[in-house]
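So the chains spell out like this:
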Amino acid sequence: MFRRGLKTELRWLILYLAVVAFIGVSIEKLAVSLVIGLLLYIAWLFYNLHKLESWVLTTRRKSAPKNTLNGIWGEIADDVILLCNRYEKDKQRLQAVVSRVQDMTSALTDGVILVDGRSNIEWWNQAAKRLFDFRQVDLGHKLTNIIRHPDFIQYFEGGNYDEPIELESVRLSGQHLQFQVHRFGIGERMVIVRDITRVFKLELMRKDFVANVSHELRTPLTVVRGYIETLADNDEIPNVWKRAFSQMQDQCQRMTALVNDLITLTKLETDDRDIRQEAVDLLPVIESILADARALSGERNHNIHAKDASDIVILGNEREIRSAISNLVFNAVKYSADGCDISVATHILENEFVIEVTDTGAGIDPKHLPRLTERFYRVDGGRATKTGGTGLGLAIVKHVLLRHDAYLKISSKLGKGSTFSCHFPLDRLVEHNMDIVS
Ligand code: ADP
């Protein structure tokens, strides 16, 4: 139960008290002897405690001196030495881990910045130091005082870190950086900064290339189309050639549509995000798109109508909004069987307003929905080619909406029909005479 030192201490105490008691009995002053004996014992205990305390104090200042204490005090000192050695080993192990992690992060080409719960900088790696020219005095300062880009401040303080943001560097013009924040610990954050200048330039080159090729193709295509149309209308052309000319005309039309869509898409991608904003009266825009859709439907006799579409004036670019809605409505005509219902509706919800294009047509298998807005993605290649689609319609819609801070939602049931809805933030609503649907 007791350790060896304590047992010895107890034995000595009993022997000492026996001697004191014997002396007390001999001089007939047992009580007085016991009190004096105990006082002496307490004094001796205090002396040993003092020795242990001085030893522990020396141990705290430098490495543990030789243990010269006896009995239980010696054992306690031995335990302290053991704990000190263990602590020293743990410290060395942790230091090795920390310096290994620091070596690893120094080797990273991405910048890493650690920020505490109060947004103050705690640590950075070499790459971050190079990117932002951090100095020792910046430690403990707010990160947003050093990276002052308004978009970064909004992202960092906004707290939504699902997606990274890409910004042009304030320090070096032409340098593009990607920031991604990760949370860890108690309110701490890690900011990963990646230099994406090369990717950005490549992306720009790709866009320029597509834009240039599309523009260059436009003129020869117009000339070829003109000649083919003239020749196709010529009555002297033998009948065997008539079919060939008609096919050439169709393919020319497809190529023109493709080139036009490519030009639209690259314009949407490369134009400055600050598009010309104007008040767009939606009802006349929807009415004129529906008239065009009825013309496109022709003898296929779709039932095309506006549903709950009241007067709404929104802030945006009329040409782009018209192009997005017409792409959705024309798709509904293209991919719905003859006589199906096609409607355009507008709703104002609590946090957003929605323009909805619904058809009772072929519908889309849910497995295709996530990829539908990708360029040239088609559910059924054969059918899309027959309908004259370019495969770029929904990509254009997505980009237009992005430029209006809006997004596209698609819901569809195979064989039942589809709903494509454009969700705009309420601050784009200028005027309306509709009820808010909760
Ligand atoms: P396309 O020019 O081929 O129509 P889009 O980008 O406009 O290209 O559409 C991509 C694909 O999505 C289409 O090929 C078609 O398969 C499918 N799709 C689009 N709208 C509808 C719809 N209303 N109903 C069924 N399928 C649709």
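The structure contained in this document is the topic of the report that follows. For clarity, every value in this text was computed on a predicted model and none was experimentally measured.

### Points about the packing of helix α1 (residues 4-26) against helix α2 (residues 30-61)
Packed helices, taken two at a time, are described by the angle between their axes plus the distance between the axes. α2 packs onto α1 with a crossing angle of 145° between their chain directions and a minimal axis gap of 8 Å. Our pair here, α1 against α2, has a crossing hand that is right-handed. Of the residues in α2, those in contact with Glu 9, Leu 13, Tyr 16, Leu 17, Val 20, Ala 21, Ile 23, Gly 24 and Val 25 of α1 are Leu 30, Ser 33, Leu 34, Gly 37, Leu 38, Leu 40, Tyr 41 and Trp 44. When grouped by side-chain class, the residues that make up the contact of α1 with α2 number 13 nonpolar, three polar and one charged.

### Examining empty space enclosed by the protein
Considering all chains together, one arrives at one cavity of 30 Å³ or more under this definition. Elements with a contribution of two residues or more to the lining of the largest cavity: α10 (318-334), α12 (393-403) and β12 (417-425). If you tally residues by element for the lining of the largest cavity, the top one is α10, at three residues. Split by residue class, the lining of the largest cavity holds eight nonpolar, no polar and no charged.

### Considering the pattern of salt bridges
Under the defined criterion, the tally for this structure stands at 12 salt bridges. Between Arg 225 and Glu 229 there is a salt bridge, with its nearest N and O atoms 3.7 Å apart. One end of the pair, Arg 225, and the other, Glu 229, are both in helix α7 (residues 197-233), four residues apart, so they sit about a helical turn from each other. Relative accessible area serves as the criterion here: at 28%, Arg 225 is assigned to the partly exposed category. Where Arg 322 meets Glu 318, a salt bridge forms, and the shortest distance between an N and an O atom there is 3.4 Å. Of the two residues, Arg 322 and Glu 318 are both situated in helix α10; the distance of four residues between them amounts to about one turn of the helix. Classification of Glu 318 by relative accessible area gives partly exposed; the value is 31%.

How each quantity is defined
Residues numbered from 1 in each chain as written. Predicted model: local features only at pLDDT ≥ 70, side-chain atom pairs only at ≥ 80, totals over all residues. Heavy atoms only, no water. Axes fitted to C-alpha atoms, helices over the stretch in contact; angles between N-to-C directions. Helix = DSSP H or I, 4+ residues; strand = E, 2+ residues; numbered from the N terminus. Left-handed = near helix turned anticlockwise from the far one by under 90°. Contact = heavy atoms within 4.5 Å. Nonpolar A, V, L, I, M, F, W, Y, C, P; charged D, E, K, R; others polar. 1 Å grid on protein atoms, 1.4 Å probe; cavity = no way out; pocket = protein on both sides within 12 Å on 5 of 7 lines; lining within 4 Å. Points joined across faces, edges and corners; volume = space filled by probe spheres on them. Salt bridge = Lys/Arg side-chain N within 4 Å of Asp/Glu carboxyl O. Buried < 20%, exposed > 50% of the residue type's maximum accessible area, 1.4 Å probe, protein only.

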